[in-house]
Amino acid sequence: GKDYVRDKVCQEYRTMGKEDFRALTIIMNSKKFSNASFEEISHLVREIVSLAETCCSESADPSCYDDGSSALSVKSCEASSPFPRHEGTSGCCVHTGLERKLCLAALQHPPRELPRYAEPSGDELCADFAKDPKGFADRFLYEFASDYGQAPLPVLLGSARSFLSMVSTCCMSPAPTTCFLKEKLQRKTLSLLTLLSNRACSRFAAYGKDKMKFSYLTMLAQKTPSASFEEIFPLAEDAAEVFAQCCDSVAEDCMQKKLLEHTAKVCGVLAPKDERLAECCRGKNVLQNYFCISALRAAEAPQLPEPQPPASERLCGEDGALLALRYIFETGRRHPSVPDVFLSKLYDASKEGLKQCCATKDSSACIDSKRQQIRGKLLAFVAEADELCSRYHKLDFLDFKKQVKEALVRSAGPGTAPERLAELAERRADFASHCCSANAPPRYCAQQVGRGAPRTCPEAGAPPR
């Protein structure tokens, strides 16, 4: 309700002070509206800080905050509103009073999966800082929170403060270059934590806890295909639990502590299975070890017979979901170049198919029927993804683009314009560069796969073939 929101805002304002409250407001709204412009965020922040400054004093009228927030919601609904744009705004604006405010407050942009911020050189940082220290800090907080907004708030705040402290210290140092080198070395663990937690929590937000288990299971299976389902599945469950506990946690050290514990478990189970992973686990910085593991290329495809699909009559039983997951695990480790953004199509199709068939009278017949309908498309989809991503990993980028273009020339009709072929080759190469890695951005790649890249897509509603 309105009193809770007012009390929460005013408590933060009084506890933090105006400047820290303002910085937090920039971060929170840049996280929330990751596609907004700096100017739009600045307008919104000015209004929120002004509201808190005016209405959180002891002498403020009890209706001050409610009246001020109502005026803000009216301004948000104006055609000329300077605040961040959102397609849901018009739907909120048909309401009035508290209902409108709550509706507007719930709006947010999808997280930014492809970061835009590139840290400038020390000289450039200091030149911008010298011109306008406050403006420099505001813009950095906006850029940083827009790019890494899925990292837990304590990690994001700590990393942002550390960076701004480094800039102010080094830009006033008699030896800025040496200072930056030293400070960046000290910030290394925090920088890694920010990168890794943002990446993991973006995936968790896109997938949810159950699908995160599948994603993590696939990732580890493809790096260590000699490990069994029984060895890897508990690690996937543990990872999903870590992210469920820590991605939205305001506890200062939740993510770092839990990620270190999880890394120790991964190393304990999988280091004996793969020398590359064992090498990652030998480092003294455990967070860097986790980064090393996550950055490992998929192993070579093992020589294994085709996996046997689970019996139709067992898929609607108590362990049906686990049997389906095991089958996708077996498919994934036989196709290590196919990351989970592609295999998730199999996961989604399987889940939807089981949901449909297990509600029917003759579930086994339903599952058998769906397998016959979809089997060829699923096989073609996995094969095409395997071919594309295998080539991407084996060749340097220019050679890969050249091969993509040559393949398109062979498959296109004689009347296809060279400009069109060049455009298609560019798009396909760009798609592979973003989506053929184990850390591919899930929402972006799901959209691209859904649009037909690679060309073949499975339809919804198919259990494991």
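Everything numeric here is computed off the predicted structure, so don't read it as measured data. (Residues numbered from 1 in each chain as written. Predicted model: local features only at pLDDT ≥ 70, side-chain atom pairs only at ≥ 80, totals over all residues. Heavy atoms only, no water.)

### A few points about the overall build of the protein
Scanning the protein from N- to C-terminus turns up 21 helices and zero strands. Oriented by its inertia axes, the alpha-carbon framework of the protein measures out at about 75 × 60 × 55 Å. A buried classification covers 46% of the 465 residues belonging to the protein. Counting only contacts in the protein whose residues sit at least 6 apart along the sequence, the fraction spanning at least 24 positions is 71%. (Helix = DSSP H or I, 4+ residues; strand = E, 2+ residues; numbered from the N terminus. Buried < 20%, exposed > 50% of the residue type's maximum accessible area, 1.4 Å probe, protein only. Contact = heavy atoms within 4.5 Å.)

### Structural notes on empty space enclosed by the protein
Taken as a whole and judged by the stated rule, the model has three cavities of 30 Å³ or more. Put simply, the largest cavity is a space of about 160 Å³. For the largest cavity, the lining is made up of 14 residues, of which Arg203, Tyr216, Met219, Tyr290 and Asn439 are closest to its centre. When contributions to the lining of the largest cavity are tallied by element, the ones reaching two or more residues are helix 11 (188–223) and helix 15 (286–295). The element that contributes the greatest number of residues to the lining of the largest cavity is helix 11, accounting for eight residues. (1 Å grid on protein atoms, 1.4 Å probe; cavity = no way out; pocket = protein on both sides within 12 Å on 5 of 7 lines; lining within 4 Å. Points joined across faces, edges and corners; volume = space filled by probe spheres on them.)

### Some points on the nonpolar core
The biggest cluster of nonpolar side chains holds 72 residues, and the ones touching the most others in it are Tyr216, Phe243, Met255 and Phe342. When residues in this core are grouped by element, the largest group, 14 residues, is from helix 11. (Core = buried A, V, L, I, M, F, W, Y, C linked by side-chain atoms within 4.5 Å.)

### Some words on the UniProt feature "domain: Albumin" (unreviewed entry) in the protein
In the numbering adopted here, UniProt assigns the feature "domain: Albumin" (unreviewed entry) to residues 1–189 and 190–375. Annotated as residues 190–375, this span is 70% helix and 0% strand, and its ends, taken at the C-alpha atoms, are 46 Å apart. (UniProt positions renumbered as here; feature names shortened; annotations may be inferred.)

### Section: the state of the cysteines
This structure, assessed with the given rule, holds 14 disulfides. One disulfide in the model links Cys55 with Cys64; its S-S distance is 2.0 Å. Looking down the S-S bond of the Cys55 and Cys64 bridge, the torsion is -65 degrees, so its handedness is left-handed. Judged by relative accessible area, Cys55 falls into the buried class, the value being 9%. A relative accessible area of 16% places Cys64 in the buried class. Between Cys316 and Cys358 runs a disulfide, and the two sulfur atoms are separated by 1.9 Å. What sets the handedness of the Cys316 and Cys358 disulfide is the S-S torsion sign, and at about -90 degrees it is left-handed. Placement of Cys316 in the loop between helix 15 and helix 16 (320–334) and of Cys358 in the loop between helix 17 (340–357) and helix 18 (363–394) is noted, with a sequence separation of 42 residues between them. (Disulfide = S-S within 2.5 Å.)

### Topic: the pattern of salt bridges
Applying the stated rule across the entire model yields 30 salt bridges. Here Lys211 ties to Asp348 by a salt bridge, and the two come within 3.0 Å at their closest N and O atoms. Here Asp348 lies in helix 17 and Lys211 lies in helix 11, a separation of 137 residues in the sequence. Salt-bridge contacts for Arg391 lead to Glu387; the nearest nitrogen and oxygen are separated by 3.6 Å. (Salt bridge = Lys/Arg side-chain N within 4 Å of Asp/Glu carboxyl O.)

### Some details on the packing of helix 11 against helix 15
Helix-helix packing: each pair is described by the crossing angle between the helix axes and the interaxial distance. Running from N to C, helix 11 and helix 15 cross one another at 45 degrees; their axes reach a closest spacing of 11 Å. Taken together, the axis directions place helix 11 and helix 15 in an arrangement best described as oblique. Helix 15 is crossed by helix 11, and the crossing has left-handed handedness. Note on element contacts: helix 15 touches helix 11 through Leu287, Gln288, Tyr290, Phe291, Ile293, Ser294 and Ala295, opposite Lys188, Thr189, Leu192, Leu193, Leu195, Leu196, Arg199, Tyr216 and Lys223. Class assignment for the residues of the contact of helix 11 with helix 15 results in 10 nonpolar, three polar and three charged. (Axes fitted to C-alpha atoms, helices over the stretch in contact; angles between N-to-C directions. Parallel < 35°, antiparallel > 145°, perpendicular 65-115°, else oblique. Left-handed = near helix turned anticlockwise from the far one by under 90°. Nonpolar A, V, L, I, M, F, W, Y, C, P; charged D, E, K, R; others polar.)

### As for the side chain of Asp274
Among the secondary structure elements, Asp274 is positioned in the loop between helix 13 (254–270) and helix 14 (275–280). Residues in contact with Asp274, not counting those within four places in the same chain, are Lys223 and Thr224.

### Regarding the packing of aromatic side chains
All chains considered together, the criterion is met by 15 aromatic pairs. Ring pairing ties together the aromatic residues Tyr117, Phe140, Phe144, Tyr148 and Phe163, which thus form one cluster. (Phe/Tyr/Trp six-rings, centres within 6.5 Å; stacked < 30°, edge-to-face > 60°.)

### Examining helix 15
All of the buried residues in helix 15 are Leu287, Asn289, Tyr290, Ile293 and Ser294. Seen along its axis, helix 15 keeps its buried residues to an arc of 155 degrees; they face one direction. Here the buried face of helix 15 lies against helix 11, helix 12 (229–246), helix 13 and helix 14. (Arc of directions from axis to C-beta.)

### Comments concerning the layout of surface pockets
Any empty space left between the atoms is revealed when a probe the size of a water molecule rolls over them. Counted as a void, the second largest pocket has a volume near 400 Å³. Arg297, Ala298, Pro336, Ser337 and His393 are the residues nearest the centre of the second largest pocket, which is lined by 22 residues in total. Elements represented by at least two residues in the lining of the second largest pocket include exactly helix 11, helix 15 and helix 18. Its residues assigned to classes, the lining of the second largest pocket comprises 11 nonpolar, seven polar and four charged.

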